[in-house]
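The primary structure of each chain is shown beneath.
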Amino acid sequence: MIEKNYITSGRNTIIHKVRKIDLIITNGSHTTIIVSHRGIGVYKGVVPRKKSDAKKAYQEVIDVGSIDVFGEEKKLLFIQALDNKEYKIDYTKEGTSNFIKIHQENYF
């Protein structure tokens, strides 16, 4: 079994679990998100095409629409980051200040 750097929970929640690895989250043609141990933001870099390239950069690419994760693109995604905050990514508000919001301050 391959150990993942994240856990999926429910129908639209991703839990970041390894401090050393950054998660790059893709959702179809929508904006790409990066989750690090310091928080979350919009990823402006080039998304690694191979797992080996991502691993060298201490990253893991998560395609929300892949069958391993949720199996379909999502309009609303929740991410529990290692900074003790849960973030809400609302793809219907992409490009606005409400795209990434803190949903819950302390979830532990």
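No experiment lies behind these values; they were computed from the predicted model shown.

Calculation rules
- Residues numbered from 1 in each chain as written.
- Predicted model: local features only at pLDDT ≥ 70, side-chain atom pairs only at ≥ 80, totals over all residues.
- Heavy atoms only, no water.
- Helix = DSSP H or I, 4+ residues; strand = E, 2+ residues; numbered from the N terminus.
- Buried < 20%, exposed > 50% of the residue type's maximum accessible area, 1.4 Å probe, protein only.
- Contact = heavy atoms within 4.5 Å.
- Salt bridge = Lys/Arg side-chain N within 4 Å of Asp/Glu carboxyl O.
- Pairing = 2+ DSSP bridges.
- Axes fitted to C-alpha atoms, helices over the stretch in contact; angles between N-to-C directions.
- Core = buried A, V, L, I, M, F, W, Y, C linked by side-chain atoms within 4.5 Å.

## Here's the deal with the environment of Ile-21
No. 1: Secondary-structure assignment places Ile-21 in the loop between strand 2 (13-16) and strand 3 (22-26).
No. 2: Classification of Ile-21 by relative accessible area gives buried; the value is 13%.
No. 3: In this structure the C-alpha to C-alpha distance between Ile-21 and Val-46, which are 25 residues apart in sequence, comes to 16 Å.
No. 4: Residues within four places of Ile-21 in sequence aside, it is in contact with Asn-5, His-16, Val-35, Tyr-58, Gln-59 and Glu-60.

## What to know about the pattern of salt bridges
No. 1: A full pass over the atoms with the stated rule returns two salt bridges.
No. 2: Ionic pairing is found between Glu-72 and Lys-74, a salt bridge with its closest N-O pair at 3.2 Å.
No. 3: Classification of Glu-72 by relative accessible area gives partly exposed; the value is 46%.
No. 4: Judged by its relative accessible area of 13%, Lys-74 is buried.
No. 5: As a salt-bridge pair, Asp-90 and Lys-93 come within 3.8 Å of each other at their nearest N and O atoms.
No. 6: Residue class for Lys-93 comes out partly exposed when judged on its relative accessible area of 35%.

## Re the sheet that holds strand 2
The pairing of strands in a sheet comes from backbone hydrogen bonds and takes either a parallel or an antiparallel form.
No. 1: On the basis of which strands lie adjacent, the open sheet formed by five strands has the order 1-2-7-8-9 and mixed pairing. A strand with exactly one partner marks an edge of an open sheet, and here the two such strands are strand 1 (6-9) and strand 9 (100-104). Strand after strand, the sheet turns through a mean of 25° between neighbouring axes, direction not considered.
No. 2: As paired strands, strand 1 and strand 2 are joined by four bridges and run antiparallel to one another. Within the sheet, the bridge partner assigned to Tyr-6 lies in strand 2 and is His-16.

## Observations concerning the sheet that holds strand 3
No. 1: One open sheet accounts for four strands, arranged 5-4-3-6; its pairing is mixed. In this open sheet, the two strands that pair with only one neighbour each are strand 5 (39-42) and strand 6 (59-63). Recorded for the sheet is a direction-independent mean angle of 20° between the axes of neighbouring strands.
No. 2: Pairing of strand 3 with strand 4 (residues 33-36), which is carried by three bridges, proceeds in the antiparallel orientation. In the strand pairing of strand 4, Ile-24 is matched with Ile-34.

## Remarks on the nonpolar core
No. 1: Core analysis: the largest hydrophobic core is formed by 18 residues, its most contacted members being Ile-14, Ile-25, Val-35, Leu-77 and Ile-89.
No. 2: Among the secondary structure elements, those contributing two or more residues to this core are strand 3, strand 4, strand 7 (76-80) and strand 8 (86-90).
No. 3: If near-sequence neighbours (up to four positions away) are discounted, Leu-77 is found in contact with Asn-12, Ile-14, Ile-25, Val-64, Phe-70, Tyr-87, Lys-88, Ile-89 and Tyr-91.

Keep in mind that these numbers describe shape and distance, not what the molecule does.
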